[in-house]
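Spelled out, the chains give:
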Amino acid sequence: MPSGTQVYDWRVPPEWVINDGYIITPDGDKICEFKKHNLHILNYSAPINMRLSLDELKQHIYTIPHMPTAIPYVTSYYERRWGFCMSDEQLCSLKDGEYHAFIDSKFKEDGELNYAHIIIPSTIKNDKEILISAYLCHPQMANNELSGPAIWCELVKFVKNLKHRRYNYRFVIAPETIGSICYINRNFETLKNKVVAGFVLSCIGDDRDYSVVLSPDENSLSDIATLHTIKHITKEPKIYKFLDRGSDERQYNTPNLNLGVTTICRSLFGHFDEYHTSLDDLDFVTPSGLEGGFNYARNLIENLEINKKYILTTICEPNLGSRGLIGTLSIKGSYSFEYKKLRTFLAYCNGKRSVIEIANILGVEARSLKPIIDKLLEFELIRDMYERD
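Let me begin by describing the structure that accompanies this report. (Residues numbered from 1 in each chain as written. Predicted model: local features only at pLDDT ≥ 70, side-chain atom pairs only at ≥ 80, totals over all residues. Heavy atoms only, no water.)

**Quick look at the environment of Lys 35**
Right, so step 1: Within the fold, Lys 35 resides in the loop between strand E4 (30-31) and strand E5 (48-53).
Right, so step 2: With 16 residues separating them along the chain, Lys 35 and Asn 19 place their C-alpha atoms 8.5 Å apart. (Helix = DSSP H or I, 4+ residues; strand = E, 2+ residues; numbered from the N terminus.)

**Observations regarding the environment of Arg 11**
Right, so step 1: The residue Arg 11 is located in strand E2 (residues 10-11) in this model.
Right, so step 2: Considered as a pair, Arg 11 and Cys 182 are 171 residues apart in the sequence and their alpha carbons are 9.4 Å apart.
Right, so step 3: For Arg 11, the residues in contact, after removing those within four places along its chain, are Gly 4, Thr 5, Gln 6 and Ile 178.
Right, so step 4: One polar contact links the side chain of Arg 11 to the main-chain carbonyl oxygen of Gly 4, over a distance of 2.9 Å.
Right, so step 5: Side-chain polar atoms of Arg 11 contact the side chain of Gln 6, separated by 2.7 Å. (Contact = heavy atoms within 4.5 Å. Polar contact = N/O pair within 3.5 Å; in protein donor to acceptor, adjacent residues only side chain to side chain.)

**Description of unusual backbone geometry**
Right, so step 1: Here Tyr 77 and Tyr 78 are connected by a cis peptide whose omega angle stands at -25°.
Right, so step 2: For Tyr 78, the position within the fold is in the loop between strand E6 (61-62) and strand E7 (84-85).
Right, so step 3: With a phi close to 45°, Cys 203 is a non-glycine residue in the positive phi region.
Right, so step 4: You can see Cys 203 is positioned in the loop between strand E12 (195-201) and strand E13 (211-213).
Right, so step 5: You will see that Glu 380, though not glycine, has its phi angle at about 55°, which is positive.

**A closer look at the sheet that holds strand E16 (residues 309-312)**
Right, so step 1: Read from one edge to the other, the open sheet built from three strands follows the order E17-E16-E18, with strand pairing classed as antiparallel. What marks the edges here is a single partner per strand, and that holds for strand E17 (350-354) and strand E18 (382-384). Mean inter-strand twist for the sheet, computed between neighbouring axes without regard to direction, equals 35°.
Right, so step 2: Looking at chain direction, E16 and E18 are connected through three bridges and run antiparallel. Across the sheet, residue Leu 312 finds its bridge partner in E18, namely Ile 382.
Right, so step 3: Packing of helix H9 (residues 355-362) onto the sheet brings it into contact with E16 and E17, and relative to E17 it is tilted by some 75°. (Pairing = 2+ DSSP bridges. Axes fitted to C-alpha atoms, helices over the stretch in contact; angles between N-to-C directions.)

Have a look at this one:
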């Protein structure tokens, strides 16, 4: 979308281009080098090439005093100012004298904002969609930035390889906030009419928590599926209300769109010390953390795919023994949990309860019921109510 385009209450800003930036100290040392660490330059900084005193320079320097070794991530939205970011330790080490501040940047009034999407169609005739969104905009941060797109890419592969897809999948990637606003502006009617559940991927690569930010109403299909999934992937889920929103769930859940989207994370944005600092690096994001984040999202998709409504096709309990689904010899203590799970699943198949609802009653994860459902469908003991929904 071209710079200057009006999108609702926003305007696409001029495209920012940054080439280099640094400070030369009175001793001739080069510090705050953009080419060594992107966070050293205030994001969206105006160009500067001037000599000034330490006191004058300090007015344009950002640090985190309580995290003395961290470089902060600071952005100007979208005012023309200039600045540098450094650790508080480095700031405290600077001595009086003349400094040379240099930032080689420019604003392209004829620039553009870019986003992308991938639509993976259902394998059945169905126009309902699942939205999966990630953002690409924070420089040189591993968890708050690249973990989302990394998991996003793996989920695209996973969904493409599903033999049966009940839903269409809409994978969106854009700069956070302004990018999702632009995407909604271009696709509002489609999103409003087709999306039945959606998820924002954010900070999903560390090894600490498993978290979810619920939608405002807390009762959407996304809420139901995410709460079910997270409780089976960890015994200590971190469940946050929409009051803790902070990513693109703010836009997808705007009252005039109201997609009921949740945000899924490992550690929630703003709830870990490394957030928006140089400490959010490849020591913080781990292979096992990313694997856990992928499993969280994958399980969520599998639970959604299986979450149909079924109705028992017989009056009273069917004869499961005659079909080899259970043993025909009854001995005290011989009824296993799998036997009870099968019979209980059938007992609750009234055409109104979803698989997730029945799984919650059983205390199991919905996707674990797939072998049972496949067998019952094979013997035509249950009927899919989905087409009637």
